[in-house]
Protein chains: 2
Amino acid sequence: MRLAVVGATGAVGHELLKVLERSSLKFSELQLYASPRSAGSTLMFRGQPVTVQATPEGAIPADVILASAGGSVSREKAPLWVKGGSLVIDNSSAFRYDDDVPLVCPEINGEAALGHRGIIANPNCTTLIEVLALAPIHRAYGVRRAIISTYQSASGAGAKGMEELLEETRNVLSGGQAGHQAFAHPLPFNLIPHIDVFQDNGYTKEEMKVVWETRKIIGDPDLKISCTAVRVPILRSHSEAISLDLEKPATPDEVRELLRRSPGLKVVDDPEGNLYPMPLTSSGEYDVEVGRVRASLVFDGGIELFVSGDQLLKGAALNAVQIAEYLQEKGALKTAASAT
Amino acid sequence: MRLAVVGATGAVGHELLKVLERSSLKFSELQLYASPRSAGSTLMFRGQPVTVQATPEGAIPADVILASAGGSVSREKAPLWVKGGSLVIDNSSAFRYDDDVPLVCPEINGEAALGHRGIIANPNCTTLIEVLALAPIHRAYGVRRAIISTYQSASGAGAKGMEELLEETRNVLSGGQAGHQAFAHPLPFNLIPHIDVFQDNGYTKEEMKVVWETRKIIGDPDLKISCTAVRVPILRSHSEAISLDLEKPATPDEVRELLRRSPGLKVVDDPEGNLYPMPLTSSGEYDVEVGRVRASLVFDGGIELFVSGDQLLKGAALNAVQIAEYLQEKGALKTAASAT
C-alpha cells in the first residue's frame, strides 16, 4: 500500500508522521507533499530522510492519501486524487457534510468508513474530543440535550497559531503590546469567543461543526446540541465542559464506569487527588481525558463532565491514521495484501 | 463618615483605592489596614500618602469598613467591628449564606442592603459578573434553567495568582518547567477545572457559590443553575458562557435591547465587526461586557450569551464601593451628613 501525506510540513502533518511512526498500519511507501514553498525540504521518518514534493496538479500515485492542507486544497484536488484511484482521508471540512462522504471516528462509527466512495472525512477536532464521551452515553442513556462550552488551544490555528501565541506572549512579558495575525485579536492572556466565521444564526461555523458533525457521527440528525467555542491562550489540547440532559437517568458512578469501558478515553476523575482533565496532562497523549463527572443540577438524572484531548492527535492526525488502520484491519484497503 | 479598608495591600485592596479615588462616596477620613507584615508602608490616595496600619485585635474607629483580607480574618474580626459600631462590607464568603446578612449587587437588589444588621456581604466575583445579565432576563422572561461555564483569570487568586502566572509563563518561555503555589497545578498555557475546594456533590465550592449566590441575589431559592468553573491563563477578567432555558420565549434582539437598558452592562455584540466580550477589552472597565446573544439550539425560545467582566472591579472592589454609595444616597450611612 502506497501512502501519501499532503500538507506534511504543517502542524497536523508533523503529528501525522509521528503517529505513523508508531502505527501498525502497513504501507510499502511513504510520499510527502506540501506547497511548492516547502518542496525540496527533508523530513525524517523512522530514521530515514524523506524529501517533500510539491503537491502535483492532478493525481497522486498513492493508494491512500492523508490530506491536511486546508479546505480549499482538498476541495480542488481530492476529486482528482479519487479519479486517479486513491482513497482520500481528508482532515478539512470540505466534504464533511456531503451525504455520500462518511464522517468517521473509528471508536464510534468505524463501519461507516467501509461505505466510502473515495473520500472519508476526518471530523472537526472539537467534535472528535467530545463525541468519544458523548456517543457511549447517548447509546446507554439517550442524550436529549447537550450544552457544550469549549476551551480551544492555539494549535487549532495550526503551527502559525502556536508560534503566534508564544511570540506575542514573549512580547507582552517584555512590556510590548501583542499583535495578531492568526487570530482575530491578540491571544496572550486573553480569550476569543470567535472561531471560524459567523453564521446567520449568530453561531460561529466552529460551533455549528460541533452540532452538525456530532449528529452525523452518532447518526441522530435530531440530537439537540448547543455550543460556545472559545479560543484560549493554550498551546495544545482542547477542553470542553459538557452538560447533558438524558432520557434515562444516570448516576455519576454508572457514567464513569461506562466511560472506563469506552475506547479512546482515559477517565481522570479523582478530585481528592486534584486529578481531572487538563491540557497539561492530555497534550501529547492519544487518549482523551474525561472527568469532573457529576450529577446535573439543572436536568433530573442528567450529567455534567469535562474533557480534554490533544487537538493535533485524537483531534486530527491520530484519528486520520486510525481510519486507515481500521480499513486495513477490515481488509478494505485495496493493496493492503501486498503491503510490507 | 470615617472609612476603613482592611486588606489594603492586596489585589482587591489596590483596586478599592483606585475605585474610591474616582467615587462620589463622601467620607471624612480614610484608614488603611493590612497584616502586620505590611504595616508602616505607605499607599497614595488622591495624591496624599496614607500609612498602612496593622489590623487591630478588636474594634476599628470607622463608620464603614470595606473588608478584603480573606474569609478567616472576616469571620474572626467582623463581629468585633460590628460590636464597635462599624458597618462592614465584606468581600469574603464568610457571611454570604447567613440569613440575616444581605448579599448585594446594587443594580439588582440594592434595597436588600438597607436591612443589614452590621454586615453586608459582597458577592462572589463570578456570580456578580453573571447576575448583571441573568437578573434582568429572569425578571422579563423567567429563567427556568441556567447552565454556566466559566473562564476565570488568575486575579481570582489575588496578586500572588497574577504574579505566579506572569513569572511561571516567563519560566516556560525560557525553556523551564512551570511551578505552582497559588494554584493546584501550573497555570501557564494550561487550564484548571478546579477553583476552591471540592464539595460532596462533585462540584467545587466556587461552582456552588454561583448557584447559591445567584439564587440569593435574585431572590429565587429554587432557580436551577449548574456551573463548571475553570481557571484559565489570563491575568484579569472572568468570562462566562451562559445557556438559558426561559419560561417566556425570547428573541436575541429583544434580549440585546433589554440588556442595553440594564445598568452595569455594556452590550458588545457585533460579530461582523469582530466585537464580542473579551478580557482584553473588559479588563480595567467598570461595566461588564455582554454579547454573543443568540437563540438557543437546545431550549425552545431560550438564549445563549457570553459575558466578560473585570473580576477585581465589578467582581470585587467596585461592587463593594457601590454598596456604600447606594447606602449613602439612601441616607442610610449614619454619619453621612457630617462627611466632607
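So, on to the overall build of chain A. The secondary structure content of chain A amounts to 9 helices and 13 strands. Relative to a compact globule of 340 residues, whose C-alpha radius of gyration would be 20 Å, chain A shows 20 Å and is just as compact. With respect to the three principal axes, the spread of C-alpha positions in chain A is 55 × 55 × 45 Å. Taken over 340 residues, chain A has a buried fraction of 59%. Nonlocal contacts in chain A, meaning residues at least 24 apart in sequence, comprise 66% of its contacts between residues at least 6 apart.

Let us now look at the relation of the copies chain A and chain B. Of the transformation placing chain A onto chain B, the axial shift is 0.0 Å and the rotation is 180°, giving an RMSD of 0.0 Å. One copy is carried onto the other by what is essentially a two-fold rotation axis. In this assembly, 100% of the residues forming the interface of chain A have copies in chain B that are likewise at the interface, indicating an isologous arrangement.

We now examine the domain arrangement of chain A. Residue and element names in this part refer to chain A. As assigned here, chain A comprises domain 1 (2-94 + 316-338) and domain 2 (126-311). Look at where the C-alpha atoms of domain 1 and domain 2 centre, and you get two points 27 Å apart. The leading source of residues in the side of domain 1 that touches domain 2 is helix α9 (residues 313-329), at 3 residues. Residues belonging to the side of domain 1 that touches domain 2 are distributed by class as follows: 3 nonpolar, 3 polar and no charged.

A few words on the environment of A:K216. Residue position: A:K216 is located in helix α6 (residues 205-218). C-beta crowding within 10 Å serves as the criterion here: with 24 such atoms nearby, A:K216 is assigned to the buried category.

Let's shift gears to the environment of B:D63. Structurally, B:D63 can be placed in the loop between β4 (48-54) and β5 (64-67). Each C-alpha atom of the pair B:D63 and B:L3 lies 6.1 Å from the other, and the pair is 60 residues apart in sequence.

To continue, consider the confidence of the model for chain A. Counting all residues, the mean pLDDT for chain A is 96, and 98% of those residues have values of 70 or more. The ipTM assigned to the predicted complex is 0.96, against a pTM of 0.96.

Looking now at the sheet that holds strand β6 (residues 87-90) of chain B. Working definition: the strands of a sheet are paired by backbone hydrogen bonds and lie parallel or antiparallel to each other. Residues and elements named next belong to chain B. Read from one edge of the open sheet, 7 strands run β3-β4-β2-β1-β5-β6-β7, paired in mixed fashion. The sheet is open, and its two edges are formed by β3 (42-45) and β7 (119-121), each paired on a single side. Neighbouring strand axes in the sheet, compared pairwise and without regard to direction, differ in orientation by 25° on average. In the sheet, strand β1 (residues 2-6) pairs with strand β2 (residues 29-34) via 5 bridges, with the strands oriented parallel. Across the sheet, V6 pairs through a bridge with Y33, a residue of β2. In the packing of helix α2 (residues 71-83) onto the sheet, the strands contacted are β5, β6 and β7, and the crossing angle to β6 comes to about 155°.

This part takes up the interface of chain A and chain B. Contact with chain A, which involves 50 residues of that partner, is made by 50 residues of chain B. Among the secondary structure elements, those contributing two or more residues to the side of chain A that touches chain B are β8 (143-151), α5 (158-173), β9 (224-228), β10 (238-246), α8 (279-282), β12 (288-295) and β13 (303-309) of chain A. The class makeup of the residues in the side of chain A that touches chain B is 31 nonpolar, 13 polar and 6 charged.

All names here are of chain B. Compared with an ideal rise of 1.5 Å per residue, which puts 13 residues at 18 Å, α2 spans 18 Å between its outermost C-alpha atoms and is within 8% of the ideal. Of all the bends found along α2, the most pronounced is centred on K77 and spans about 40°, while P79, a proline, follows it within four residues. Every buried residue of α2 is accounted for by S74, K77, A78 and W81. On its buried face, α2 is in contact with β5, β6 and β7. Once α2 ends, the next one or two residues include G85, with phi positive near 105°.

Although it is not a glycine, A:S237 sits at a positive phi angle of roughly 75°. On the secondary structure map, A:S237 appears in the loop between β9 and β10. Note on A:S237: 34 C-beta atoms within 10 Å, which makes it buried. Residue B:D196 is not a glycine yet carries a positive backbone phi of 65°. One can find B:D196 in the loop between α5 (158-173) and α6 (205-218). In this structure B:D196 comes out as partly exposed when scored by C-beta crowding, with 16 C-beta atoms within 10 Å.

Turning to the packing of helix α1 (residues 11-22) of chain A against α9(A), a few remarks are in order. Residues and elements named next belong to chain A. Here α1 crosses α9 at 50°, and the two axes come no closer than 9 Å. As the angle between them shows, α1 and α9 are arranged oblique. In this structure, α1 crosses over α9, and the sense of that crossing is right-handed. Residue-level contacts link V12, E15, L16, V19 and L20 of α1 to L313, A316, A317, L318, A320 and V321 of α9. Residues that form the contact of α1 with α9 fall into these classes: 10 nonpolar, no polar and 1 charged.

Okay, the environment of B:I120 next. All names here are of chain B. Assignment of secondary structure puts I120 in strand β7. Assessed through the 25 C-beta atoms surrounding it within 10 Å, I120 is described here as buried. Taking the C-alpha atoms as reference points, I120 and K205, 85 residues apart in sequence, are found 20 Å from one another. Ignoring any residue separated from it by four or fewer positions in sequence, one finds I120 in contact with I89, V101, P102, V104, A113 and I323.

Another aspect to go through is the pairing of β2(B). Residues and elements named next belong to chain B. With helix α1 (residues 11-22) bridging β1 and the parallel β2, this β-α-β connection has right-handed handedness. Across 3 bridges, the pairing between β2 and β4 is parallel. Paired with Y33 across the two strands is Q53, which belongs to β4.

Residues and elements named next belong to chain A. In spatial order, the strands read β3-β4-β2-β1-β5-β6-β7; together these 7 strands make up an open sheet with mixed pairing. The outermost strands of the open sheet, each flanked by one partner alone, are β3 (42-45) and β7 (119-121). The average undirected angle you get between the axes of adjacent strands in this sheet is 25°. Packed on one face of the sheet, α9 meets β5 (64-67), β6 (87-90) and β7 and runs near 150° to β6.

Reading the values: the criteria
Residues take numbers from 1 onward in each chain, read along the sequence in its written order. Here every chain gets a letter starting at A, and every ligand a number starting at 1, in the order they are written. In view of the model being predicted, local features appear only for residues whose pLDDT reaches at least 70, and side-chain atom pairs are presented and counted only at 80 or more, with totals across whole chains, interfaces and linings using the full set of residues. By the criteria applied, helices consist of DSSP H or I runs no shorter than four residues and strands consist of E runs no shorter than two, each listed in order from the N terminus. For the radius of gyration, the atoms used are the C-alpha atoms, and the globule rule reads 2.2 Å times the number of residues raised to 0.38. Any residue with 12 or fewer other C-beta atoms within 10 Å of its own C-beta is exposed, any with 20 or more is buried, and the rest are partly exposed; the C-beta atoms used are placed from the backbone. Note on contacts: each residue gets a C-beta atom placed from the backbone, and two residues are in contact if those atoms are within 7 Å. Only residues with pLDDT of at least 70 in both copies count here: their C-alpha atoms drive the least-squares fit that superposes the copies. Throughout the structure description, domain borders are defined by an automatic or database domain assignment. For this classification, Asp, Glu, Lys and Arg are treated as charged, while Ala, Val, Leu, Ile, Met, Phe, Trp, Tyr, Cys and Pro are nonpolar and the rest, including Gly, are polar. Confidence of the predictor at the level of single residues is captured by pLDDT, which takes values from 0 to 100. Note on pairing: DSSP must find at least two bridges between two strands before they are called paired. Axis lines are fitted through C-alpha atoms, for helices just across the contact stretch, and the angle between N-to-C directions can take any value from 0 to 180 degrees. Expected span, for any helix, means 1.5 Å times one less than how many residues it has. Values of bend correspond, residue by residue, to the angle between axes fitted over the seven residues ending at that residue and the seven starting there. Roughly parallel covers angles under 35 degrees, roughly antiparallel covers those over 145, roughly perpendicular covers 65 to 115, and oblique covers all other angles. For any pair of crossing helices, the crossing counts as left-handed if the nearer helix is rotated counterclockwise from the farther one by less than a right angle, and right-handed if it is rotated clockwise. A crossover gets the label right-handed when its path from the first strand over the helix to the second runs clockwise, viewed with the strands pointing away from the viewer.

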